[in-house]
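Tertiary structure, described
Given next are the chains, with one letter for each unit.
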Amino acid sequence: MKLNDLKVDMDYFHIDEKLYQKLNPTPLKNPKLVSFNKKACDLIDLDYGECETQEFLDLLNGVKTLENSQSYSMVYAGHQFGYFVPQLGDGRAINLGKVKSWHLQTKGSGLTKYSRQGDGRAVLRSSIREYIMSEAMHALDIPSTRALAIIDSDTFAHREWEKESCSVVMRMSPSWVRIGTFEFFANTENSKENTTKLADYVIEQNYAHLKDEKNKYEKMFYSLVDKTASMLARWQVYGFMHGVMNTDNFSMAGVTIDYGPFAFMDYFDKNCICNHTDGEGRYSYNNQPYVARWNLSVLANALREICDEDKLLEYLKTFLPQHENVYLELINQRLGLLANKSGNRNLDLILELLGALETSKMDYNVFFHRLTSLKSFNDLSSITNFCVFREPLEKWFDSYRKVCEKEESSFEQRHEIMKIVNPKYIIKNYMLQEAIELAHTGDYSLVNDLFEIAQNPFDEHKKYDRYSNPTPMEFANIKLSCSS
């Protein structure tokens, strides 16, 4: 489909116009296409060739408008690090409307009335990180927003101590409504009416099967609890840390949104913090499921005028058991075990493994990939050679061997289970930094190569085989800023 043939639905404008701002993007100077995503094109039936045209560049830069599109920014509130902020909003993001089931949004498109002290811009560094990581998450079957394309420019902004080039990334999501959106609507003058309209909108977009159900608003909440429990389990299984789990960064569609100081675990540390502004560790790896549950309790309170809050909180008690069930099923798969099918969840083995990984200082995801290729318990060197301390993992393998013998599973059988869940490549922050530094010179080749690896993490990428090795210790588990 040609760019001009895309059918755009402006489906948000039945909401009170005080709750969003219609505005046009502010174009960047001398925009340059960095990369575009063919798989995202497929989602909206866009011809690949269209992404190499000036029109497409103009669309990303806010110069061109799609037919029937009226760009706008959304207001929302949020609990940031546990403290309520009554008004936030799209401070640098502009919505272009919905194409098929995907809401298009350009991030870094200039000032809005919700920008507060911000400049409305996104720098190339943070845009590259989000563009690549959202696809890496999708390839691991972790629910996420997607990214259609990214541009660089000759417009500059100051971040921390550096002047950096500004960028726009076009993001796509099943919804841009957040828990924080409901928090804002619940505190408006016509709160019940506004919250009802917003809930109806979310159901129409993401829970259409509930549209004619009795108690549909409660059931919307229940569905989000289920989705979020599963999503968080997938975060934990792959060692993903979001970094800023504020309620304004939590999607009503149950997908990962707003990539900032994120990280995939390097060496395993259950208390790892990837955001250097998170001094108390509120959003540490180990705390993530509990924070997600807390965020959902905030939503329950925001829905109190249209739902029975007690019923919502009662259902929320299922969150951690659901999360644990999904986590244990997936982590057993990563170990090549059929434990859940036999009713034994191997909890002791898993807890022992996590302790051994932490003590051994072993790269978390590299361990699972190496385990997938293990041919014999007599030679563990392909794994233990990458440990700082070998003994804890060698001891764990004694326990693992006994479980495998009890299941009567062969190395070949375990390999078949593991190879579909243990990728060779996990996108790490040091890899992204290499691509960013090269992109700052005008060379976007590594951005595109990493993007290819992110979308195909189970494949061989001979040129970048070094990326399948443990993260160099000097770059392991480093903390990043929110402007990352």
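Everything numeric here is computed off the predicted structure, so don't read it as measured data. (Residues numbered from 1 in each chain as written. Predicted model: local features only at pLDDT ≥ 70, side-chain atom pairs only at ≥ 80, totals over all residues. Heavy atoms only, no water.)

1. Let's talk about the pattern of salt bridges
Side chains carrying opposite charge are able to pair once their charged atoms draw close together. Summed over the entire model, instances satisfying the criterion amount to 28 salt bridges. Where Lys419 meets Glu416, a salt bridge forms, and the shortest distance between an N and an O atom there is 3.0 Å. For Lys419, a relative accessible area of 38% puts it in the partly exposed group. Put simply, Arg466 and Glu434 hold a salt bridge, and the shortest N to O gap is 3.0 Å. Here Arg466, found in the segment after α17 (445–455), pairs with Glu434, found in helix α16 (residues 429–439); they are 32 residues apart in sequence, far enough to count as distant. Judged by its relative accessible area of 27%, Glu434 falls in the partly exposed class. Salt bridges sharing common partners tie together Lys107, Glu130, Arg171, Arg178 and Asp258. (Salt bridge = Lys/Arg side-chain N within 4 Å of Asp/Glu carboxyl O. Buried < 20%, exposed > 50% of the residue type's maximum accessible area, 1.4 Å probe, protein only. Helix = DSSP H or I, 4+ residues; strand = E, 2+ residues; numbered from the N terminus.)

2. As for the packing of aromatic side chains
One pass over the structure, following the stated rule, counts 29 aromatic pairs. For the pair Tyr131 and Phe451, a centre-to-centre distance of 4.3 Å together with 10 degrees between the ring planes defines the contact as stacked. Of the two residues, Tyr131 is situated in helix α3 (residues 124–139) and Phe451 in helix α17; the sequence distance between them amounts to 320 residues. Accessibility assignment for this pair places Tyr131 and Phe451 in one class, buried. When the centroid spacing of 6.4 Å and the interplanar angle of 25 degrees are considered together, the rings of Phe240 and Phe262 count as stacked. Of the two residues, Phe240 is situated in strand β13 (residues 240–241) and Phe262 in the loop between β13 and β14 (263–264); the sequence distance between them amounts to 22 residues. The two residues Phe240 and Phe262 agree in class, both being buried. Taken together, the aromatic side chains of Phe268, Tyr285, Tyr364, Phe367, Phe368, Phe377, Trp396, Phe397, Tyr400 and Phe411 make up a single cluster linked through ring pairs. Note that Lys163 overlies the ring of Phe156, its terminal NZ or CZ placed 5.1 Å from the centroid. (Phe/Tyr/Trp six-rings, centres within 6.5 Å; stacked < 30°, edge-to-face > 60°. Lys NZ or Arg CZ within 6 Å of the ring centre and 35° of its normal.)

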